[in-house]
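Coordinate inspection notes
In case you want the letters, here they are:
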Amino acid sequence: MASAPDNVSLPLFYNDLVLLSSQEHGNWKSRATDKATWLANVNTVPLTVEEFPLAQRNFPIVFTAGENPFPIALMGLNEGVNVFVEDDGNVPQPVYIPAYVRRYPFLLARVQPDSEEMSLCVDPTSDLVGELDEGQPLFDGNEPSESCRSTLQFCEQFEIAGQKTASFMAELEKHNLLMDGELNIDVGNGQPFNYRGFRMVDENKLRELRGDILRNWNQSGLLALIYAHLFSLDLVRDIFGRQVEQGKGPAVPQPV
């Protein structure tokens with residue numbers, strides 16, 4: 001059973017990756033779940049641009065700091081805090097679940113680093129796959145089952161969305177629109193809470209862009225994505241309020 005090389009860092013959520021094959025996993029099944037246990041203590045999740053319209057209803061959308069930034073949904077303001085998912089993985093209220101979360105434990109990956117071909121892999125440590133008593137078979141003889149083909153299609157669509165996201169980020173970088181972000185929350189006690197360590201679109205630079213660029217972005221839908229990001233930042237106060245209500249910190253100092 002081929003695993004991910006030791007020198008390859010695994011993506012968020014994944015403890016191991018193996019190439020899915022009928023020879024090794026002919027008796028395996030996959031099962032559905034209504035509890036995202038792997039998401040319970042995660043506060044940021046990668047997003048694709050196709051998800052912005054839905055995600056911005058629930059989460060602030062920001063961009064990672066450092067090289068090669070990408071969009072993420074803030075599901076909590078502190079590391080290890082997710083205000084939407086309980087410790088057992090239960091999601092008590094309707095909320096958009098990012099595709100990155102929904103594809104787990106499957107993933108399209110290059111088995112050979114120098115190859116362009118991507119293959120369907122799985123995290124064998126997940127309790128959602130294996131020689132289970134219940135679930136959907138992954139193979140029908142030597143051929144992928146209908147369930148497996150649907151999973152493959154979903155992962156392929158995710159990769160396509162990822163390419164569109166990379167093009168979106170390249171446009172932001174090309175026009176130098178990203179700046180270091182800072183969000184301040186005034187809780188009325190004279191000690192505002194500050195959140196940093198991410199990037200966001202610089203609205204001043206956005207307003208200074210040439211009209212032809214903005215017109216093209218409006219026609220392509222890119223401008224709507226930028227404003228979905230900007231509008232979503234108002235939800236930081238909602239996330240903060242949820243953390244305080246759930247006792248997950250940061251604690252709000254009480255007036256003397």
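Above this text you will find the structure in question.
Applying the stated criterion across every chain, the model contains eight salt bridges. The partner of Arg103 in a salt bridge is Glu159, and the shortest N-O contact between them spans 3.8 Å. Residue Arg103 is located in the loop between helix H3 (99–102) and strand S6 (106–109), and its partner Glu159 is located in helix H4 (residues 146–174); the two are separated by 56 residues in the primary sequence. The class of Glu159 is partly exposed, set by a relative accessible area of 22%. One salt bridge connects Glu173 with Arg199, and the closest N-O pair in it is separated by 3.9 Å. Within this pair, whereas Glu173 is found in helix H4, its partner Arg199 is found in strand S15 (residues 198–201), the two being separated by 26 residues in sequence.

Turning our eyes to something else, we now look at helix H7 (residues 222–232). Of all eleven residues making up H7, eight are buried, and the element is well covered by its neighbours. By the burial criterion, the buried members of H7 are Leu222, Leu223, Leu225, Ile226, Ala228, His229, Leu230 and Ser232.

What follows deals with the packing of aromatic side chains. Centre-to-centre distance and the angle between the planes together describe a pair of aromatic rings. All told, the structure shown has ten aromatic pairs when counted by the stated rule. Geometrically, the ring pair formed by Trp38 and Tyr104 is tilted, given 5.2 Å between the ring centres and 35 degrees between the ring planes. On the criterion of sequence distance, the pair formed by Trp38 in the loop between strand S2 (29–30) and strand S3 (44–46) and Tyr104 in the loop between H3 and S6 is long-range, its members being 66 residues apart. Per residue, the accessibility class of Trp38 equals that of Tyr104, and both read buried. Ring geometry for Phe52 and Phe168: centres 5.9 Å apart, planes at 85 degrees, overall edge-to-face. One end of the pair, Phe52, is in helix H2 (residues 52–55); the other, Phe168, is in helix H4, and 116 residues separate them in sequence. Residue classification places Phe168 among the buried residues on the basis of a relative accessible area of 3%. Each residue in the set Phe13, Tyr14, Trp38, Tyr100, Tyr104 and Phe158 is aromatic and connected to the rest through ring pairs, giving one cluster.

What follows covers the sheet that holds strand S7 (residues 119–122). Within a sheet, adjacent strands bond to each other through the backbone by hydrogen bonds, running parallel or antiparallel. The strand order S1-S7-S6 describes an open sheet built from three strands, whose pairing is antiparallel. The sheet terminates laterally at strand S1 (18–19) and S6, the two strands that pair on one side only. Where S6 meets S7, four bridges bridge the pair, whose relative direction is antiparallel. Bridge pairing in S7 places Leu107 opposite Cys121. On the sheet, H4 packs against S6 and S7 and is oriented at approximately 55 degrees with respect to S6.

Reading the values: the criteria
Residues numbered from 1 in each chain as written. Predicted model: local features only at pLDDT ≥ 70, side-chain atom pairs only at ≥ 80, totals over all residues. Heavy atoms only, no water. Salt bridge = Lys/Arg side-chain N within 4 Å of Asp/Glu carboxyl O. Helix = DSSP H or I, 4+ residues; strand = E, 2+ residues; numbered from the N terminus. Buried < 20%, exposed > 50% of the residue type's maximum accessible area, 1.4 Å probe, protein only. Phe/Tyr/Trp six-rings, centres within 6.5 Å; stacked < 30°, edge-to-face > 60°. Pairing = 2+ DSSP bridges. Contact = heavy atoms within 4.5 Å. Axes fitted to C-alpha atoms, helices over the stretch in contact; angles between N-to-C directions.

In short, shape yes, function no, at least from these values alone.
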